[in-house]
Amino acid sequence: ANPSVMFDVVRQTAAFLLGLPRSPFWSLIALAIVGAVVVFGVRSLRRDKDDAWVLMVMLCFGAPAAIVIFTNPGFVLPRYFLVPATGVLLLMGMLLGRLFDRSRMGRLISLLAFAAFAIANSLDTAQLLRAGRGQYTLAMRDMAANTSESLLRIGGDHEFRQRTVLSYY
């Protein structure tokens, strides 16, 4: 992993989760939305005397706290927060479902929120389908085009991974 600042990774993870751009502005907006979802979701579960609130607190607060405490803070990736992201998505679905059941306006708002979520997240998926993960094909074409030898040599520090990627592409 590249050196990273824990807070930057957390806010970027929130932006990934909602399908928003990873710029500082949008990722702070995403972090605020995720925070609101967690707070309102846990409050709603507690108010309904649903013991699932304990699970959600552990998923959305306990797991990230463990990551912050037990990992090397300079080398953290958004994928480390997949478990907390699952809790946030469950709470978001629960809140949208409850809003949907509340009224006609609630149905409209929840459907619009779901559509915005689905469209925003499909943008990253479209980029992945278009460019691939890491743009390996483009990189290999560039290496081949800029090599004067008839044999292209590629070196690195992980032979199995490199052989697997090169064989695939």
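Residues numbered from 1 in each chain as written. Predicted model: local features only at pLDDT ≥ 70, side-chain atom pairs only at ≥ 80, totals over all residues. Heavy atoms only, no water.

(A) Here's a closer look at the overall build of the protein chain. A count of helical and extended segments in the protein chain gives seven helices and zero strands. Order of helices (α) and strands (β) in the protein chain, N terminus to C terminus: α-α-α-α-α-α-α. In terms of overall dimensions, the protein chain is more spread out than a globule: its C-alpha atoms have a radius of gyration of 21 Å, far above the 15 Å expected for 169 residues. Seen through its C-alpha atoms, the protein chain measures out along the principal axes to roughly 70 × 40 × 30 Å. In the protein chain, the share of contacts with a sequence separation of at least 24, taken over all contacts with a separation of at least 6, comes to 56%. Element-wise, carbon and sulfur atoms account for 65% of the exposed surface of the protein chain, whose accessible area totals about 11800 Å². Mean positive and mean negative side-chain charge positions of the protein chain (17 and 10 charges, respectively) differ by 8 Å. (Helix = DSSP H or I, 4+ residues; strand = E, 2+ residues; numbered from the N terminus. Rg over C-alpha atoms; globule rule 2.2 N^0.38 Å. Contact = heavy atoms within 4.5 Å. Areas by Shrake-Rupley, 256 points an atom, 1.4 Å probe, with all protein chains shown as cover. Lys, Arg positive; Asp, Glu negative; His and termini not counted. Charge placed at Lys NZ, Arg CZ, Asp CG, Glu CD.)

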